[in-house]
Every structure is written in C-alpha cells, then in structure tokens.
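Notes for the structure review
Spelled out, the chains give:
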Amino acid sequence: MQIAHYLNQFFGGIGAEEHAGIGLEIRDGAVGPGKLLESSLDGAHVALTFVCGDNYAVEHQDQLTAAVLKKLREVNVDLFVAGPCFDAGRYGMAAGALCRAVQAELGIPVVTAMSEENPGVDLYRDALYIIHSGTNVTKLRDVVTEMAALGKKLSANEPIGSPAEEGYLRRGWLRDQLVEKRAGTRLVDMLLAKMKGEAFESEMPATSFAPVPMPAAIRDLSMAKVMLITDGGLVPKGNPDRIEGTAATRWGSYNIEGSDDLRGEDYEVSHGGYDTRFVQEDPDRLVPLDAMREMEKNGVIGKLHGEFISTCGRSNPLSNTRRLGREIAEKAKRDGIDAIILTST
C-alpha cells in the first residue's frame, strides 16, 4: 500500500508556533507519525509527506490544496492520511479541507484524526471518517494505529462499521437498519433503564450545552470600565491579523485610545453573508465608538477601554467559537474590564 501523508510544521519536525508561517514542503518517505503508520500496516510505504505551517495552510488554503492535488496526480497512492491533529484547530481545518478535496477530486480514500473539539470536525465530519484522537498527544501511537486500521479498510473498499466499532467520530448520518424491536419498544426500554439508573445509549444523542451562570449586575455603571467587542469582522485596512471571513480561527485587538470616531477609510470588513457597505461607510454603525464616547463624557460609564476586539462569527463551528471566547475573556480579565458590549450583524 502506497500512502501520502500530510503533517503540520510541528509534527513535520520543523518547529512550533514560530514556524507556523512556512509554506508547503514535499518530502520523500515517512516523517514523524508516518513511521508509525508504516509500522502499523504490513507492507505499507509512505511514499511522500506534505509538511506545511498551520498559519500558511489556513491563509493559503486554495493554493495549498491545488499544490497537493497536482503532486498526487503525478504519483500513485492508495491512501491519503492527514494528521493526527488532536485539538490543533488550524491543523484540523487544513487537514479536513485537503482530505475532502483529495477524496472528491481524485477518488483516493482518506482518513484523518482530531479531537471532537477541533473546529475541523464540525466543518468536515459529514464528508470524512475522522478518528477520535482526544487531546492527549502522548496517545499518538494508539491514534495512528486506529487510523491505519480504518485506512486499510477504506483502501480495500471493505464495509465500515459504526463509530463505536471503528473509533471514528459520529458523522451525523442516519441509516436504515433492520432490527428486532420496534421503535416504541426500544423507547420504553430506554426509559425504564433510565428510571432504574441502568446504562443505555440513545439512538439520537442530543447536543448539550453547559449552563452559563448570569454574572452579577454592575452596581454603578458610572464607575465601570467597558469594552467593545464585535463578531462582525471590522478590521483595520489590510487586515493585519488575517482574520478569515468565514470560520475565523483568530481575533484581533485594535487601538482606539484618543479617538472619538471610526473612519471608513481606515477600516475594512472581513466577513461574508451581509451587506457591508453601510459599515464601510461608517464603522461606528458596527463598533459604536462615537456613542460610547458620549456616554463616557456624560458620566454614564466610567471609562471606555482603549481597544476594541474583533473577529468574524460567520459559519464558525461551536468548538472554535468557544475557544475564541475563552481567549477573549482571558484578555478582558487581564485588562480589568467590568462590562462588555458585544455587537453582531
């Protein structure tokens, strides 16, 4: 079996975050986890390895995909493997995009692995088999072994079992199946098991959301330090933080100290799905600096924070928005913010 493997800069042995901007490298043979792949599959050979920095991959996804497809058309491989990515969001998004393109355009079987919280899962779970890697990188050997087993089945066109049997994440598919008990009987059996405290598995697991406690009210707003945040994608001209217009993986913090108004010629919008002309004409329509300055001058609020934070909320997986939210909340705590006004579109 001939395998092509995709890795990010860390697993490719180049380095950590400081090397995330490197472009695509194509190497002969197995690198890092690719050697585990070979040892997990008798007679398998990693013919080539694609290595790319995480930042470069998400910022140049179209170019990266085109380059990988071009190279794969020149060689004969039986399986394309990406990762494992664990909880690395940019890595997961790039790996998922490449797997989908290789599978759809070249007809080559693909397999990847991610933590369920990786944003690549929500983006590509319906199209791909994604082994559940968890977040613990020390489990690398076990995860690669599961990837190899599933990849072998896919390349041999063998029937694929359920997620529980094969170790991949649920894809959100519903399949017809002949069973002994009718739906009503199964439902009653589950209800009785639940009432007795016995183990049971729902046939349609529901999405659950952890409760978010309401914070205490601000007793005196005239003493509060307030921050402006938007998920409408307002960024300075040139988009210095390269915030993506869809499924953003990052956010930016921008200085407004000493400014009473946001001018259209200084800003642009990195966000699809709504008519941005009105915001580009007057950015205060999205980030209301002018109105907040009036409140500050009139003593309605104590102080407006000297930066506003921006990201893009369009088509963003829940797991990714949770991460962005945690990061922004940590900054707000460090900066001593008492209240936040979050604007959307």
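Quantities reported herein were computed from a predicted structural model and do not represent experimental measurements. (Residues numbered from 1 in each chain as written. Predicted model: local features only at pLDDT ≥ 70, side-chain atom pairs only at ≥ 80, totals over all residues. Heavy atoms only, no water.)

A few words now on the overall build of the chain. Secondary structure assignment for the chain yields eleven helices and twelve strands. Seen along its three principal axes, the alpha-carbon backbone of the chain occupies a region of about 75 × 55 × 35 Å. Scored against the burial criterion, the 345 residues of the chain give a buried share of 44%. Intrachain contacts of the chain at a sequence separation of at least 6 include 73% that bridge at least 24 residues. Carbon and sulfur atoms make up 51% of the accessible area of the chain, which amounts to about 18500 Å² in all. Side-chain charges of the chain comprise 38 positive and 50 negative groups, with the mean position of each set lying 3 Å from the other. (Helix = DSSP H or I, 4+ residues; strand = E, 2+ residues; numbered from the N terminus. Buried < 20%, exposed > 50% of the residue type's maximum accessible area, 1.4 Å probe, protein only. Contact = heavy atoms within 4.5 Å. Areas by Shrake-Rupley, 256 points an atom, 1.4 Å probe, with all protein chains shown as cover. Lys, Arg positive; Asp, Glu negative; His and termini not counted. Charge placed at Lys NZ, Arg CZ, Asp CG, Glu CD.)

One way to put it is that helix α1 (residues 33–40) packs onto helix α6 (residues 140–155) with a least axis distance of 9 Å and a crossing angle of 55°. Overall, the two elements α1 and α6 adopt an arrangement that is oblique. By crossing handedness, the relation of α1 to α6 is classed as right-handed. Contacts from Pro33, Leu36, Leu37 and Ser40 in α1 reach Leu140, Arg141, Val144, Thr145 and Ala148 in α6. In the contact of α1 with α6, the residues fall into six nonpolar, two polar and one charged. (Axes fitted to C-alpha atoms, helices over the stretch in contact; angles between N-to-C directions. Parallel < 35°, antiparallel > 145°, perpendicular 65-115°, else oblique. Left-handed = near helix turned anticlockwise from the far one by under 90°. Nonpolar A, V, L, I, M, F, W, Y, C, P; charged D, E, K, R; others polar.)

Judged by nonpolar contacts, the single largest core of 56 residues is most densely connected at Tyr6 and Phe80. Other than its neighbours up to four places away in sequence, Phe80 contacts Ala4, Tyr6, Phe50, Val68, Leu72, Leu98, Cys99, Val102, Ile108, Pro109, Val110 and Val111. (Core = buried A, V, L, I, M, F, W, Y, C linked by side-chain atoms within 4.5 Å.)

It is worth spelling out the pattern of salt bridges at this point. Considering all chains together, one arrives at 24 salt bridges under this definition. Lys181 serves as the salt-bridge partner of Asp189, at 2.9 Å between the closest nitrogen and oxygen. Here Asp189 falls in the partly exposed class, since its relative accessible area comes to 33%. Classification of Lys181 as partly exposed rests on a relative accessible area of 45%. Here Lys331 ties to Glu307 by a salt bridge, and the two come within 3.1 Å at their closest N and O atoms. With a gap of 24 residues between them, Lys331 in helix α11 (residues 318–334) and Glu307 in strand β11 (residues 303–310) connect regions that are remote in the sequence. Here Lys331 falls in the buried class, since its relative accessible area comes to 11%. (Salt bridge = Lys/Arg side-chain N within 4 Å of Asp/Glu carboxyl O.)

Attention now goes to the domain arrangement of the chain. Under the domain assignment used here, the chain contains domain 1 (2–166) and domain 2 (221–343). Taking only C-alpha atoms into account, the centre of domain 1 sits 35 Å from that of domain 2. With ten residues of domain 1 at the interface, the matching set in domain 2 holds eleven residues. Taken together, both faces of the contact between domain 1 and domain 2 bury some 800 Å²; the carbon and sulfur share is 56%. Looking only at domain 1, the three residues that lose the most surface to domain 2 are Glu59, Glu117 and Pro119, adding up to 46% of its buried area. A salt bridge links Arg250 to Glu59, with the shortest nitrogen-to-oxygen separation between them at 3.6 Å. For the side of domain 1 that touches domain 2, the secondary-structure elements that each account for two or more residues are α2 (54–59), α4 (89–106) and α5 (119–124). (Domains from an automatic or database assignment. Buried area = accessible area lost by both parts, 1.4 Å probe.)

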